[in-house]
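Each chain is listed here by its residues.
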Amino acid sequence: MARSFFSRKKKNKQSNQDTQQPKFSAKLKKSLDDNLENMKTMLGNPGDLVVRELMIGGLETRAAIMYINGLTDKNLINNNILKTIQLNLKQFESNVLDKIFEEVIAITDTKKANSMDEVSLALLNGGTAFYIDGMETVLLMGTSGGETRSIEEPDSETLIRGPRDGFVESIETNLALIRRDIKDPNLRFKQHEVGRRSKQKLVVSYVEGIVNPEIVEEIERRLKTIDVDIASDSAYVEQWIEDSFLSIFPQFLNTERPDKVSAVLLQGKVAILVEGTPFVLLAPISLGEALFSMEDYNQRWLSATLLRTLRYFSAFIAIFLPAIYIALVSYHPGMLPSTLVFSIAASREGVPFPAAIEAILMAVTFEILHEAGIRLPKVIGQTIGIVGGLVIGEAAVSAGIVSTLMVIVTALTAIATFSVPSYSVAITFRMLRFAFMIAASILGLYGIVLIYIMVNIHLVNLKSIGVPYVAPFAPIFVTDWKDLIFRAPVTKLTQRPAFLKTTDDQSKETKSN
Amino acid sequence: MSTFKYGDEKIKSRDIMIAVPSMVIAIGIIVFPRELADKTIAADGWVSIVIGGGIAILLVWLVAKLAANFPNQSFLSYASYLVTKPVAIVLTFMFAIQGIIVSAFEVRAISDISHQYLFDQTPQEVVSLCFLLVVVYAVSGSRAGLFRLNAMFLPIIFAATILLIFFSLGFIHTEHLLPVFKTDARGYLQGTLASTTSFTGIGILFFYISLVKKPEKAPAMAAFGMSWAVGLYILIYVTCIVVFGETATANIRFPLIELAKTVEVPGGFFERIESLFFIIWIMAIFNTAAMAFDVSVIALNSIFSKVVKIKIILVLSPFIYFIASLPNDFLDIGKVGDFASYYGWGLTGMVALVFWIIVKVKGVKQSGK
């Protein structure tokens, strides 16, 4: 409800903005000098704007090309525009621009324009404008290029086995990477624009005929409410269109891997690509997918099932272990075997704090180390390892501030947290861990179970693009359980996820057909 | 705001199948083996459970079938059709009261049991207040969410129980099963009464069936779900008897939890798991309390249709807390529990019977709302 209220308010604001726009859409003049001067003024005569005046070969007419340095492919401009125009020896009687458009320019993506607004937008996108003296129309040529990062293996999701390519900052490259995987004419790339000033391209990608059309409609409806100056990452888009901004659970997955995107598109989901970031959003998702990795499908099913079960187990440790330690040590020591209780008591001897303070102290220390390790340059990163692991771990124990068992618990929790494939989900787990620790220090195991129930209540009410977040568990879709905690053999994974209510539900031709 | 079709409040027959055992399994089963062992000899109590369970399943089917005759109509609307509007309002009120008493009983029983097994120093008021707040949080969410919670917790509860029974295999004394069929008719009768009344909460079906999109299958599903609960009762009862023997079971306050205290989990990591087991059982109790509360909210909301749901919740919760804090000791709590189950059976059984007769005479109004 709150979201719909906000979005409505923003929508009104946006329409107000739209009414102010027309002052830019001034028409072009006849005189070349006027046109060039106007455009320079509009862009503030920047240092990277290149204006090259020239004569058209056989015509003796003044003309000019204009582009922004660094956004364009210079070879293309030199060879396919400048040279061809200058070397042109043909004579045109009428309509010079049309003839040049048809016969001279050797660039496929060329169109005509006659407003300042169109020209400036094209220039800022890396296009080249071609002016002729005495014409109110210009040619805009798609010459975007310039330096981009090459395709590399993504650092955020490494696999042992699987494709090595990753998305880059250029959306055209990213789209091509998806196209290369899915050579289906039904693959759709619906283009939107995001960022009032950045004018970034945003592409909603899905496979028509698989995806549930209502999901696409809902996503597009939400995308229209976005009103930001710049979306420096797809995270901006994610935060604008997510179902509940109060939830600690991410309602979109992000990935840098084209193989993951194409696999997910073929399951009937939607991918959102934003220009300028390698991170692609995937929706709708369910809780189970937070612990999936592409590796699961690239290994044989038994290994994959074991690995996935291991990940569920480590997620459990990452969330519950410190809380259980607190609850058992301070409230229910009777549950543990007496020998273990004695050794815990022995190791806690001399520790002045209650178990809860001890655990929270260590957990906070670890979080600081974790955060510092991410922000530091890789070279200094090792120092953090030494300072954190050796100095704090060893020294805290010998100084009698924490017990050795607590150090083990913290270390185990830390390692378990790192085995969660998605960073945004791992952050959620870290937050949950603290909630459980606080609950455990107030009410012991009872507190843990109450928080657990509350998290469940939250989860069953949470949705990702209108699809229940805990979908294959509740509401139950038994067929989806084949790829949940276990990963059935690929020969058995013939159905698309039922909880997405896809248009066609079989990913392969089966015998029943 | 256009929402995806998942977002509506409609549920499936399968959700009813899960909701019935979720509602029935709660505090009752923790103390129930004591009452039954008191009245029957050796393991003869299972006969009583089978008969009592049969009656309960029959009632579940009757109620569900009755409600399914009026698809997508609230209890108030079809009750008004069958027995004039004023009577319908009184009945709805009585169901609301039942929900309040049941949830208050669960809230209080939780604090009482945790006082014994989890912590003896924490004030019971705090324990029950925390629990009630979580229940309030659940009820203020979507109703479909409540059914999803059932689906999430019920498997955990069943798994925990089956594991517990599995671990207690090492402690069974088969001689406790003997002698067979020595109970007299009076004992069976009393046992049947005890087991029948321990299946509380069937009345929720009057209200929840109306949320089912296609309720044709709902009666069979509900009866099937009830049979799970009956099966679980029999398993637990027989296990208690073979482990403790009839006399010991009759004298243990919470036989099911004591069972968890007795068993040893291999691996030596946990020495006593009764706290752990009770913690898991809290989920079952939570489901019951939340649904009972929710039914009260539905009932009152159907009478006061202009009041927002959250207001009803906020008005009811102090009531529930107040009723929960009334009993002085566990004997009083037991009396509240007995009252809740007799009241529930009386109300549900009576309404079901009377409505059935009227439906047979008057016929079903086909037009929906």
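Residues numbered from 1 in each chain as written. Chains lettered and ligands numbered in written order. Predicted model: local features only at pLDDT ≥ 70, side-chain atom pairs only at ≥ 80, totals over all residues.

**Digging into the overall build of chain A**
Stage number 1. Scanning chain A for helices and strands turns up 16 helices and twelve strands.
Stage number 2. Here chain A has a C-alpha radius of gyration of 30 Å; the compact-globule value for 513 residues is 24 Å, and the former is much larger.
Stage number 3. Counting only C-alpha atoms and orienting by the principal axes, one finds that chain A spans roughly 105 × 65 × 45 Å.
Stage number 4. Looking at the 513 residues of chain A, the share that counts as buried comes to 36%.
Stage number 5. Within chain A, residue pairs in contact and separated by at least 24 positions form 66% of the contacts whose partners lie at least 6 positions apart. (Helix = DSSP H or I, 4+ residues; strand = E, 2+ residues; numbered from the N terminus. Rg over C-alpha atoms; globule rule 2.2 N^0.38 Å. Buried ≥ 20, exposed ≤ 12 C-beta atoms within 10 Å, placed from the backbone. Contact = placed C-beta atoms within 7 Å.)

**What about unusual backbone geometry?**
Stage number 1. The omega torsion across A:A283 and A:P284 is -15°, close enough to zero to call that bond cis.
Stage number 2. Assignment of secondary structure puts A:P284 in the loop between β10 (280-283) and α10 (295-298).
Stage number 3. With a phi close to 25°, B:T84 is a non-glycine residue in the positive phi region.
Stage number 4. Following the sequence through the fold, B:T84 ends up in the loop between α4 (75-82) and α5 (85-117).
Stage number 5. In this structure B:T84 comes out as exposed when scored by C-beta crowding, with 10 C-beta atoms within 10 Å.

**Re the packing of helix α16 (residues 423-461) of chain A against helix α13 (residues 274-303) of chain B**
Two quantities define a packed helix pair, namely the angle between the helix axes and the distance between the axes.
Stage number 1. Between α16(A) and α13(B), the least distance of the axes is 10 Å, while the angle of their chain directions is 35°. Classified by chirality, the crossing of α13(B) by α16(A) is right-handed. Contacts between α16(A) and α13(B) involve A:L445, A:Y446, A:V449 and A:I453 from the first element and B:S275, B:I279, B:I282, B:M283 and B:F286 from the second.
Stage number 2. Residue composition of the contact of α16(A) with α13(B), grouped by class: eight nonpolar, one polar and no charged. (Axes fitted to C-alpha atoms, helices over the stretch in contact; angles between N-to-C directions. Left-handed = near helix turned anticlockwise from the far one by under 90°. Nonpolar A, V, L, I, M, F, W, Y, C, P; charged D, E, K, R; others polar.)

**Focus: the sheet that holds strand β4 (residues 128-132) of chain A**
All names here are of chain A.
Stage number 1. Read from one edge to the other, the open sheet built from five strands follows the order β1-β2-β4-β5-β3, with strand pairing classed as antiparallel. Strands at the two margins of the open sheet, each flanked by one partner only, are β1 (49-56) and β3 (110-113). Averaged over all pairs of adjacent strands, the angle between their axes in this sheet comes to 25°, without regard to strand direction.
Stage number 2. Across eight bridges, β1 lies against strand β2 (residues 61-68) in antiparallel orientation. Residue pairing across strands places V50 opposite Y67, the latter belonging to β2.
Stage number 3. In the packing of helix α2 (residues 32-43) onto the sheet, contacts are made with β1, β2 and β4, and the angle to β2 comes to roughly 15°. (Pairing = 2+ DSSP bridges.)

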